[in-house]
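Chains, contacts and geometry: an overview
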There are 2 protein chains.
Amino acid sequence: MAARLTSKKRGYRWVEIEKMLARGEVRGKLTRDDLPTPALLLDLDAFSFNVAKMVRHCKDRHLALRPHGKSHKCPEIAKALVRAGAAGACTAKISEAEVFAADGVPGLLVTTAVIGKHKIERAVRLAKRSPDTMFVVDDAHNVRDLNDAARAARITLNVVVDLHVGKKTGIQPCLPALGLVRLVTSLPNLRFAGIQAYAGQASHVVGFAERKKVSREALRPALETRWLFEKNGIQCPMLTGASTGTYNIDSGIQGITELQPGSFIFMDIDYNRIGSRNGAVYTDFRNSLSVLTTVVSKPSIALAIIDAGYKAFATDRPFVPEAKGIEGVVYSWGGDEHGRLDLTKSSAEVNLGDRLEFIVPHCDPSVNLYDRIYCLRGDNVEAVWTIAARGMSQ
Amino acid sequence: MAARLTSKKRGYRWVEIEKMLARGEVRGKLTRDDLPTPALLLDLDAFSFNVAKMVRHCKDRHLALRPHGKSHKCPEIAKALVRAGAAGACTAKISEAEVFAADGVPGLLVTTAVIGKHKIERAVRLAKRSPDTMFVVDDAHNVRDLNDAARAARITLNVVVDLHVGKKTGIQPCLPALGLVRLVTSLPNLRFAGIQAYAGQASHVVGFAERKKVSREALRPALETRWLFEKNGIQCPMLTGASTGTYNIDSGIQGITELQPGSFIFMDIDYNRIGSRNGAVYTDFRNSLSVLTTVVSKPSIALAIIDAGYKAFATDRPFVPEAKGIEGVVYSWGGDEHGRLDLTKSSAEVNLGDRLEFIVPHCDPSVNLYDRIYCLRGDNVEAVWTIAARGMSQ
């Protein structure tokens, strides 16, 4: 029988657990069974494996690693990555960067342009506090606005030219980008720090060969742009890009200087199925992230209802959560608050009050639903980390 | 030309706005243009219209109204509804109820069973603080556990029998439910408060006639169960159910005593399209909820990128956000952080830095992504309410 989650119960009352959580005194005390569900769990052994593997991959290839913080939104995780060898952290938005900087995360790169006078004001304030922070740009007006704000504050801002090599942000590569970088280098309060070329459309292509093809095609204009810059006398200290899906594709491209993958620390169902260099399942990294749930209703023999629906798992992909440690349990959505488990083919009985763990369909937006992540070794809670930048989409 | 959002700019600096937001001093000072995007907005005029209409509907039919707090997770909104005439608030989970109770919301009904010793401990603590709170039950063991915990705390818990008339939680109607209610009434520390019959599968059926059919069929066993209880000498003080989609269907059913709709205060794209009693569009309530966004990149003439993706709009339905106040702008998902706007048929120019408002596909899980909701009359920010129970899915 597949083991369900039945670690030794130590018999705490809820008020005691609440106090331990409030004080952060959990190590050696709490186990998985003590956690209120739905709860976001991190398997520390799998997490450490993932971090070490990516760090080693980059080190061996003389590439910098600046993992994307939009995946975890957790300063503790960003700092753990830096301790392991990362150059810093990417953040999607300025508000996310503010949270990371306030908690001492160095080497920030804000990967969406900072638009509008208020956000520029925030960028300047952040750069004063953390002068190594980099900001992407893709528009001439915005570049001038940034320079004006930096001049007024008597600082220099590090800017990275964001290229449109995907389906989202960025200036067109080659000549338009050359025009923009010439403007950047002509302005006294900006420092050109490099190129960002993020091809999100390649990340989830199923099959290694096809994914490689898509990523190579997407990045060719970035390499041409870099060449064009240098031909015109503009040194390009950095070319940053890549995702968990393309980390071992893009790292082989001459000219790329750093990788910014995010999901590899956690993994999810979407990434599991894209295939690796050697097989149909993507096993380069381990599933470290899960959601712990409880069966809260058992309306019939083959139907169990758990306390985790759209508010516990983000659902922008055509996948459903997958149960860990028990075979044949099929999840289907039961609205915002609940999940329905079809038990017809379950390898074990599932009863009211049972606690089941699920791998999430898509890690980044799921993590963004939680205020904390419970870090486990085996059944023991080693730490509780605050997802301090949760909701920081501004 | 469709007006985009260009209210009078008062020229505050961000540090000033930050202070006003921190102190809650926004009225008469801030306008929509001052808000950091993505921002969740509430149109107070539309909200008030919706509240007044539902309150009047219930009052005219001598029905209680206990709006579901899972939609808004905001104590200020729960209290506004009570001031307008609601009997209290439903909450999906115990942690949501704790937040509401702490902020003084009366008449709580927790609509998912409280399972496991820790959550039962929390239910007892909550009932001590707010003795009118009701808890649903659908299992005999759980009923005994609740009674034991209530006895130990020397209190009486109000319990509501949850019937399986939908696809989610609840005990089977009629004889199984009769067995459970007999157990409830036999136990000294429980008080039988009524029946919950929530048929979520009826809420979003397109077409009034078909929706009516589905809801009537789903609720028939609930009416039979009520009749069976009373035939067996068990008075049933309450029969609660209904959603925004069925409020004017279920309120016509003899035996229903109260409605628990949630989304009517906000509305969303999913509800707009289900049709009303009189037409193909559901116009009973107004769209009061939206997300304010900013164009952060303009990679080409007909493509604008806004700062709002899966982390700004929840996306469990096959709909995309719809732009307000501008015609022909077509949103498509651009990942977690961004949205792509196809401008080919746009009725107006859309430029970098422009701010656009969007109706959300599904209100409940979208609200759950934000920490605060900005309340507007016209362009003016009247209040900022904390979504204090955001993330409270436990």
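Residues numbered from 1 in each chain as written. Chains lettered and ligands numbered in written order. Predicted model: local features only at pLDDT ≥ 70, side-chain atom pairs only at ≥ 80, totals over all residues.

Details of the interface of chain B and chain A
Each partner contributes residues to the interface: chain B has 55 residues there, and chain A has 56 residues. Secondary-structure elements contributing two or more residues to the side of chain B that touches chain A are helix 1 (14-23), helix 5 (117-129), strand 10 (289-300), strand 13 (330-334), strand 14 (338-342) and helix 12 (363-367) of chain B. Classifying every residue of the side of chain B that touches chain A gives 18 nonpolar, 20 polar and 17 charged. (Contact = placed C-beta atoms within 7 Å. Helix = DSSP H or I, 4+ residues; strand = E, 2+ residues; numbered from the N terminus. Nonpolar A, V, L, I, M, F, W, Y, C, P; charged D, E, K, R; others polar.)

Thoughts on the packing of helix 4 (residues 94-102) of chain B against helix 5 of chain B
All names here are of chain B. Here helix 4 crosses helix 5 at 25°, and the two axes come no closer than 10 Å. By the criterion of interaxial angle, the relationship of helix 4 to helix 5 is roughly parallel. Relative to helix 5, helix 4 is oriented so that their crossing is left-handed. In this structure, helix 4 contributes Ile94, Ala97, Glu98 and Ala101 to the contact, and helix 5 contributes Lys119, Arg122, Ala123, Leu126 and Arg129. Among the residues forming the contact of helix 4 with helix 5, the class breakdown is five nonpolar, no polar and four charged. (Axes fitted to C-alpha atoms, helices over the stretch in contact; angles between N-to-C directions. Parallel < 35°, antiparallel > 145°, perpendicular 65-115°, else oblique. Left-handed = near helix turned anticlockwise from the far one by under 90°.)

Focus on the domain arrangement of chain A
Residues and elements named next belong to chain A. Here chain A is partitioned into domain 1 (14-44 + 284-386) and domain 2 (45-270). A C-alpha centroid distance of 33 Å is found between domain 1 and domain 2. Across the contact, 23 residues belong to domain 1 and 23 residues belong to domain 2. Those elements that place two or more of their residues in the side of domain 1 that touches domain 2 are strand 1 (39-43), helix 12 (363-367), strand 16 (372-377) and strand 17 (380-386). For the side of domain 1 that touches domain 2, the element with the highest residue contribution is helix 12, accounting for three residues. (Domains from an automatic or database assignment.)

Observations concerning the pairing of strand 6 (residues 157-162) of chain B
Residues and elements named next belong to chain B. Burial within strand 6 is extensive, with five of its six residues counted as buried. With four bridges joining them, strand 5 (residues 134-137) and strand 6 adopt parallel strand pairing. The residue of strand 6 that forms the bridge with Phe135 is Val159. One crossover worth recording links strand 5 to the parallel strand 6 by way of helix 6 (residues 140-152), and it is right-handed. Looking at chain direction, strand 6 and strand 7 (residues 190-197) are connected through six bridges and run parallel. Residue pairing in the sheet places Asp162 in a bridge with Gln196 of strand 7. In this region the chain leaves strand 6, passes through helix 7 (residues 175-186) and returns to the parallel neighbour strand 7; the handedness of that crossover is right-handed. (Buried ≥ 20, exposed ≤ 12 C-beta atoms within 10 Å, placed from the backbone. Pairing = 2+ DSSP bridges. Right-handed = clockwise from strand over helix to strand, strands pointing away.)

As for the environment of Lys73(A)
All names here are of chain A. Following the sequence through the fold, Lys73 ends up in the loop between strand 2 (64-65) and helix 3 (75-84). The exposure class of Lys73 is buried, given the 27 C-beta atoms found within 10 Å. Not counting chain neighbours up to four residues away, the residues in contact with Lys73 comprise Glu96, Val367, Asn368, Ile387, Ala389, Arg390 and Met392.

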